[in-house]
Amino acid sequence: MWNILAWITICLAILSAIYLGIQGYRRPAKMKIMNVVWVLTGLWASILGVWAYFRLNESPMVMEKPAEKEKMNMGASMSGMNMTSDKPLWERVALSSLHCGAGCVLADLIGETLGFYLFRQITGWSIVWQWILDYFFALMIGAFFQYAVIHKMVHLSKPAAFWKALKIDFLSLTGWQTGMYGFMYIVFFVSPGIVFTANEMIFWWIMQLAMLSGFIIAYPINWVLIKSGYKPSM
């Protein structure tokens, strides 16, 4: 029964991702990375991701010169450009959390697949090493997603801009992955004590639920970062 439910849920998520991909093709976002973000959001949030697309994607982001006091306080400001929106703060935080989470989703897809098909034969390979691999990919891919947002806002070299992007999203990426790992730990080691693997559909269903847990943890972190001006809002 659980396996059938997992198949239905995953198929619905894939259809949602395809639909959001079509929407992104028909109405491309001003930031190209957001077209990817919405597809990845559909993979874990399914129809909730479709709802979020239409609820949060109505008002486009604009670029404007900010007042000096609105510049980001990161030890080095974002060199005179900032992103603003007429959206309420909770919506901007939600968008930023989904943007952050998309990098984590892609990282976990890659990391879990590599871990299962390439590294599981390595002696001593365990779920701890698997999570470390996932976390590394999450930081790198998540930083690239943030880099895609800010690279035109900063007058820095590409490596320096990427490093700045990593610093901006480090806490929110870590929060997302922590929420995901916490949920999976409870499912695998506390509740039934059964560990599923990446070649089982029920594993990816559990991953979907874990992503929701990651969003719940990352949301307040992004709220604080955006409210304080440390992180640009979407």
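Just so we're clear, the structure is a prediction, and the values are computed from it rather than from any experiment.

### Thoughts on unusual backbone geometry
Even without being glycine, Ser-46 reaches a positive phi, approximately 55 degrees. Mapped onto the elements of the fold, Ser-46 is located in the loop between α2 (32–45) and α3 (47–56). Ser-46 sits in the buried class, given a relative accessible area of 8%.

### Side note on the side chain of Gln-23
Within the secondary structure, Gln-23 is located in helix α1 (residues 2–26). Discounting chain neighbours no more than four positions away, the residues touching Gln-23 are Tyr-53 and Phe-54.

### What about the pattern of salt bridges?
Should their charged atoms come close, side chains of opposite charge can pair. This model, assessed by the stated rule, comprises two salt bridges. Close ionic contact of Arg-55 with Glu-91 constitutes a salt bridge, the shortest N to O distance being 2.6 Å. Note that Arg-55 is positioned in helix α3 and Glu-91 in helix α4 (residues 89–119), a separation of 36 residues in sequence. For Glu-91, a relative accessible area of 6% gives the class buried. Among the salt bridges present, the one from Asp-169 reaches Lys-231, with a minimum N-O distance of 2.6 Å. Placement of the pair is Asp-169 in helix α6 (residues 158–190) and Lys-231 in the segment after α7 (201–227), with a sequence separation of 62 residues. Of the two residues examined, Asp-169 and Lys-231, each falls in the buried class.

Cut-off values and rules
- Residues numbered from 1 in each chain as written.
- Predicted model: local features only at pLDDT ≥ 70, side-chain atom pairs only at ≥ 80, totals over all residues.
- Heavy atoms only, no water.
- Helix = DSSP H or I, 4+ residues; strand = E, 2+ residues; numbered from the N terminus.
- Buried < 20%, exposed > 50% of the residue type's maximum accessible area, 1.4 Å probe, protein only.
- Contact = heavy atoms within 4.5 Å.
- Salt bridge = Lys/Arg side-chain N within 4 Å of Asp/Glu carboxyl O.

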